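Tertiary structure, described
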Amino acid sequence: MSDTDTSTPAAETAKTAEASKESAAKDIPVPSLGAGIEEEREYVRALYHRLDELREEKEAQLTQVRSSGAVGTMQNVSERDAFATLYEDRLAQLNAVDDRLVFGRLDLDTEETRYIGRIGLTTESRQRLMIDWRAPEAGVFYQATAFDRQGVRRRRHLLLKRREVQGLEDEVLDAALLQETQENHGDGALLAALTARRTGQMGDIVATIQAEQDRIIRADRSGVLVVQGGPGTGKTAVALHRAAYLLYAHRERLKSAGVLIVGPNATFMSYVERVLPSLGETGVVMSSLADLYPGVRGVEESDPRVAEIKGRLIWREIIADAVAHRKRSIAGPRTVMVEGAEVTVTPKMIKRGLERARATGKPYNEARATFVKVVVKEIAEKLERQLQKSSAGNDADRSYLVEDVRTSRDVRVLLNLCWLPRTPQNLLEDLFSKPGYLADVAPSLSEQERALLRREPGSPFTLADVPLLDEAAELLGDLDETAGREEARQKAMREKDLENAKKAVENATAQLEEMGIEGFLNADDVVALNTESGPALTAAERAGVDRTWTYGHIVVDEAQELSPMQWHVLFRRCPLKSFTAVGDIAQGSSPSAAASWQEALEPFAADRLRIEELTVNYRTPRIIVDLAERVAAANGLDTTSLRTVREGEHEPVIEQVEESELVTATTEAVTAEQKRLGEGLVAAIVPERLIGAVREDLIATFGKRVGRGAGSMTQDVVALTAEEAKGLEFDAVVLTEPAELLDEARGRIGSLYVALTRPTHALRVVASRELPAGFR
């Protein structure tokens, strides 16, 4: 049963295995070249009818598979689970693409008509109804121009609201066609999308991808592709659509390895989280930089100087030295008590254990298990010799001595003194709370730098700590305080279960053979069927909780902000070095922001780096871009002058007030923009010092219409710091006290430049201090 224009081997297997049924979908007549809006509506209704049919079909198949239960051989059970996963994935995709399922139509020189949509659809009789936007045949929808038609006579945009066609927009590329058919003119699909009111959630641009964006989206997967683009050029949208395209074009490879999308903060991740599902892709891991280490959410580093120090690559050596520092011998013999008996442990015994452990080449905690095993065995053997000597050669079984030695408090203290088990968290806590320890392992840092890193035990981990935790975890390995005893226990339990199963099978075999059934049971199957296991996880779900997972591709947004240590961690997670990094060097505001892409990435991928540039600002009107570029230039920031799609209707408004009036003036400016817009999203971007007071005042005025931090961007009004506003866009922005934003960034203009380029319609500036250069 064919429901897409492409199929995978797994899908074909599923279709063969399924019971066929009669479908209501027959061949559907394609609207003629001169079709108007009513004919297009009929065709779109037929597409949705087919979508609903497929949903019902997959739901029925999934229900049937789930109801079959765990019966039959292990192979049967495995096949059942595989089919269930297949149907679940397909259902998730079919449910995600309901809104604006189809958006384009191509009329070609060959008289062929192609409809372009979010997924591919075919009828029961294999009539192609719609092509997935990522398919090679759909590429000309984005690439054809009047100068290079690529066989396209007309490109039609279908403007849908939910499931209903609201309008048509035609681009006639073949001059001869102008006399053959009526044109459908409107505001233009692109301009309609650009001027639409913002909702606080990023929308996809699948219907309006431009040629320069499409070229980047479909670029080869290998190597590190950097997409440099100024504000409003669609960098984030291009990155997300590229992820969707790669998952389509390299399905088998990336489905098992997964794709990781990394953003600057939780607010940004909430803003973009719906884009990929709307494109039919749900199996992607999304993480902010603060959440890259499982189980830890890093808070902002309060001092930018500390963030810069922690971002240096030198921490690879510092962490390695800190790990090695915790392995040591003893200066002289030490006496330990084991069940009332004294045993002397010599430096040579400890040294042999250390050497044997290091020879394994395993990470610190895993090698420690070998150290413990060797030293415990030597102490037990020495104790046994003492006991034999004191009992005149009595050869009684003393195998219990190993466990007695292992559980001895004196022995445990000695082993920990020589090789203490460590977690990444307590290693970092010791480094920053014990000045002597840090001085021993980080002599390359100055005394002043080490003093800046000092903090109290129990302090929360910061964003800059996350890559250091990851580096420590890589060198420490898993912490197994039982030194393999749990693994041995599970192995012994399985052997016991297997022995019981063999006896059960032997007892049942004779009865089964009398019934004419042979080879029905084996012991391994019985054990497997009776072993409890958790629910099957997708590759994305497994990757999200596994720090050691390696991805097939990684997408990094706001990439100009990453420190060298953050890049180091990400490249470890993708050994193939398959990356899409998008950002704008000019917008860099973090203490570790690089001056160029080569500086940022050559240490990791010098031979695999290529840079593409986006040159058109689709978001910000020219009258606002002019102000932002003037302020940037006046403060020494080199930016690329961008072409803009719109001139804009509202000149930026600048208002000077008293310092005591900043909060109320900000609320009044937000109120004025709300009234002017009628509807839409207004953001107050304010210094960190004022964020609490501004939020309270806005809530007092607008009540529940005010968004409260990450995940609340769907309200009418939101107050953010400049850092939180990165990558976001709003209908109007009220920018408060820009001079203080400059102070917060220690004179770096990047954050202020970002704030100035967030609005799609209007900008107001409220200030009490003298404005930075370029505003007037």
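Everything quoted here is computed from the prediction, not taken from an experiment. (Residues numbered from 1 in each chain as written. Predicted model: local features only at pLDDT ≥ 70, side-chain atom pairs only at ≥ 80, totals over all residues. Heavy atoms only, no water.)

1. Quick look at the UniProt feature "coiled-coil region" (unreviewed entry) in the protein chain
Operational definition: UniProt positions are given in the numbering used here, feature names are shortened, and annotations may be inferred rather than shown by experiment. Where helices and strands are cited, they refer to DSSP runs of H or I of at least four residues and of E of at least two residues respectively, numbered from the N terminus.
Under the UniProt annotation, the feature "coiled-coil region" (unreviewed entry) is placed at residues 37-64 and 491-518. Within residues 37-64, the helical portion is 100% and the strand portion 0%, while the C-alpha atoms at the span's ends are 41 Å from each other.

2. Brief notes about the pattern of salt bridges
Stated precisely, the cut-off is as follows: When a carboxyl oxygen of Asp or Glu is within 4 Å of a side-chain nitrogen of Lys or Arg, the pair counts as a salt bridge. Partly exposed describes any residue whose relative accessible area lies between the buried limit of under 20% and the exposed limit of over 50%, with all areas from a 1.4 Å probe on protein chains only and scaled to the type maximum.
Throughout the structure, instances matching the rule amount to 55 salt bridges. Glutamate 378 serves as the salt-bridge partner of arginine 352, at 2.8 Å between the closest nitrogen and oxygen. Of the two residues, arginine 352 sits in helix 13 (residues 347-359) while glutamate 378 sits in helix 14 (residues 364-390), which places them 26 residues apart along the sequence. According to the relative accessible area criterion, arginine 352 is partly exposed, its value standing at 39%. With a shortest N-O distance of 3.8 Å, arginine 454 and glutamate 456 are connected by a salt bridge. Look at the salt bridges and you will find they share partners, linking Glu40, Arg105, Asp107, Arg154, Arg156 and Asp170 into a network.

3. Overview of the packing of helix 17 (residues 424-433) against helix 20 (residues 466-476)
Short version of the rule: Helix axes use the C-alpha atoms of the stretch in contact, all axes being lines fitted to C-alpha atoms, and the angles between their N-to-C directions lie in the range 0 to 180 degrees. Angular relationships are summarised with four words: roughly parallel below 35 degrees, roughly antiparallel beyond 145, roughly perpendicular across 65 to 115, and oblique for the angles in between. By definition, turning the near helix anticlockwise from the far helix through less than a right angle yields a left-handed crossing, and turning it clockwise yields a right-handed one. Any two residues whose heavy atoms approach within 4.5 Å at even a single point are treated as in contact. Under the convention adopted here, Pro, Cys and the residues Ala, Val, Leu, Ile, Met, Phe, Trp and Tyr are nonpolar, Asp, Glu, Lys and Arg are charged, and Gly plus all remaining residues are polar.
Packing of helix 17 against helix 20 brings their axes to within 9 Å, and their N-to-C directions diverge by 120°. The pairing of helix 17 with helix 20 is recorded here as oblique in orientation. Considering how the two elements wind past one another, helix 17 and helix 20 form a crossing that is right-handed. Of the residues in helix 20, those in contact with Pro424, Gln425, Leu427, Leu428 and Phe432 of helix 17 are Leu468, Leu469, Ala472, Ala473 and Leu476. Considering only residue class, the contact of helix 17 with helix 20 consists of nine nonpolar, one polar and no charged.

4. Observations regarding the pairing of strand 18 (residues 682-685)
Note the threshold: Two strands pair under a simple rule: DSSP has to find at least two bridges between them.
Taking every second residue as pointing to the same face, both faces of strand 18 are buried, with Val682 and Ala684 on one and Ala683 and Ile685 on the other. As paired strands, strand 18 and strand 20 (residues 717-720) are joined by four bridges and run parallel to one another. When the bridges of strand 20 are listed, valine 682 appears paired with valine 717. Sheet topology places strand 18 next to strand 21 (residues 730-736); four bridges connect them, and they run parallel.

5. Structural notes on the nonpolar core
Formally: Here, the term nonpolar core denotes a set of buried Ala, Val, Leu, Ile, Met, Phe, Trp, Tyr and Cys residues that are joined through side-chain atoms within 4.5 Å.
Ranked by size, the top nonpolar core spans 81 residues in total, and within it Trp315, Phe371, Leu427, Leu431 and Trp567 carry the most contacts. Looking at this core element by element, the count peaks at nine residues for helix 14. Once residues within four sequence positions are removed from consideration, phenylalanine 371 is found in contact with Ile350, Gly353, Leu354, Ala357, Leu415, Cys418 and Trp419. Ala138, Leu254, Ala586 and Ile624 belong to the second-largest nonpolar core, a separate cluster that totals 75 residues.

6. Notes on the packing of helix 24 (residues 564-572) against helix 25 (residues 597-605)
Packed helix pairs are specified by the crossing angle of their axes together with the interaxial distance, meaning the distance between the axes. It is at 10 Å that the axes of helix 24 and helix 25 come closest, and there the two elements cross at 40°. Crossing of helix 24 over helix 25 shows right-handed handedness. Residues Pro564, Trp567, His568 and Phe571 of helix 24 form the contact with helix 25, whose own contacting residues are Ala600, Leu601, Phe604 and Ala605. A per-class count over the contact of helix 24 with helix 25 returns seven nonpolar, one polar and no charged.

7. Digging into unusual backbone geometry
Backbone geometry places arginine 162, a non-glycine residue, at a positive phi of 60°. Turning to its location among the elements, arginine 162 is positioned in the loop between strand 5 (152-161) and strand 6 (164-172). Residue lysine 577 is not a glycine yet carries a positive backbone phi of 55°. Inspection of the secondary structure puts lysine 577 in the loop between helix 24 and strand 13 (579-583).

8. A short note on the sheet that holds strand 4 (residues 128-132)
The pairing of strands in a sheet comes from backbone hydrogen bonds and takes either a parallel or an antiparallel form. A sheet is described by the order of its strands in space; here six strands give the open sequence 3-4-2-1-5-6, paired in mixed fashion. With partners counted over all chains shown, the strands left at the sheet margins are strand 3 (121-122) and strand 6, one partner each. With five bridges connecting them, strand 1 (residues 102-108) and strand 5 associate as antiparallel partners. Across the sheet, residue arginine 105 finds its bridge partner in strand 5, namely arginine 156. Its contacts with the sheet put helix 2 (residues 37-67) on strand 1, strand 2 (113-117), strand 3, strand 4, strand 5 and strand 6, and the angle it makes with strand 6 is roughly 120°.

9. Digging into empty space enclosed by the protein
Inclusion rule: Buriedness of a pocket was judged along seven lines, with at least five required to meet protein on both sides within 12 Å; pockets are open sets of points on a 1 Å grid over the protein atoms alone, cavities are sets where a 1.4 Å probe fits but cannot get out, and lining residues have an atom within 4 Å of a point. Grid points are joined across faces, edges and corners, and a volume is the space filled by probe spheres set on the points.
Following the criterion strictly, the structure yields two cavities of 30 Å³ or more and no others. One number sums up the size of the second largest cavity: a volume of about 30 Å³. Lining the second largest cavity are Thr236, Ala239, Leu240, Ile261, Phe268, Val272, Val555 and Asp557. For the lining of the second largest cavity, the secondary-structure elements that each account for two or more residues are helix 7 (235-249) and helix 9 (266-272). For the lining of the second largest cavity, the leading source of residues is helix 7, giving three residues.

10. Looking at the side chain of arginine 221
Spelled out, the test is: Positive charges come from Lys and Arg alone, negative charges from Asp and Glu alone, with His and the N- and C-terminal ends not counted. Polar contact is defined as a pair of N or O atoms within 3.5 Å, subject to the rule that within protein one atom must be able to donate a hydrogen and the other to accept it, and that residues adjacent in sequence are counted only when both atoms are side-chain atoms.
With respect to the helices and strands, the residue arginine 221 is situated in the loop between helix 6 (211-217) and strand 7 (224-229). Of the side chains with opposite charge, aspartate 220 comes closest to the buried, unpaired arginine 221, at an N-O distance of 7.0 Å. Only 3.4 Å separates the side chain of arginine 221 from the backbone oxygen of glycine 552, close enough to count as a polar contact. Each residue touching arginine 221, except ones within four places of it in the same chain, is listed here: Arg242, Leu246, His250, Arg253, Leu254, Gly552, His553 and Ser578.

11. Remarks on a negative patch on the surface
The test is simple: The residues that make up patches have over 30% relative accessible area and no salt bridge, and they are joined within 9 Å when like-charged or within 5 Å when they are Val, Leu, Ile, Met, Phe, Trp or Tyr. Throughout, the Shrake-Rupley method with a 1.4 Å probe supplies accessible areas, and for residues the shown protein chains are the sole cover considered. Throughout, a charge is located at the NZ atom of Lys, the CZ atom of Arg, the CG atom of Asp or the CD atom of Glu.
Together, Glu300, Glu688, Glu723 and Glu744 make up a region of like negative charge exposed at the surface. Here glutamate 300 lies in the loop between strand 9 (285-288) and helix 11 (304-310).

12. Observations regarding the side chain of glutamine 228
Relative to the helices and strands, glutamine 228 is located in strand 7. In terms of polar contacts, glutamine 228 uses its side chain to reach the side chain of aspartate 584, at 2.7 Å. The contacts of glutamine 228, once residues within four sequence positions are left out, are Gly583, Asp584, Ile585, Trp597, Ile611, Glu612, Glu613 and Leu614.

13. Overview of the sheet that holds strand 14 (residues 609-614)
Read across the open sheet, the six strands follow the order 9-8-12-13-7-14; overall the sheet is parallel. Only two strands of the sheet have a single neighbouring strand rather than two, namely strand 9 and strand 14. Between one strand axis and the next, the sheet turns through 15° on average, direction left out of account. Summarising the sheet, strand 8 (residues 259-263) and strand 9 pair through four bridges and their orientation is parallel. Within strand 9, the position partnered with isoleucine 261 by the bridge is methionine 286.

14. Focus on the environment of arginine 352
For the pair formed by arginine 352 and valine 374, sequence separation is 22 residues and the distance between their alpha carbons is 7.9 Å. Leaving out residues up to four positions away in the same chain, arginine 352 has contacts with Val374 and Glu378. Here the side chain of arginine 352 touches glutamate 378 through a polar contact of 2.8 Å, side chain to side chain.

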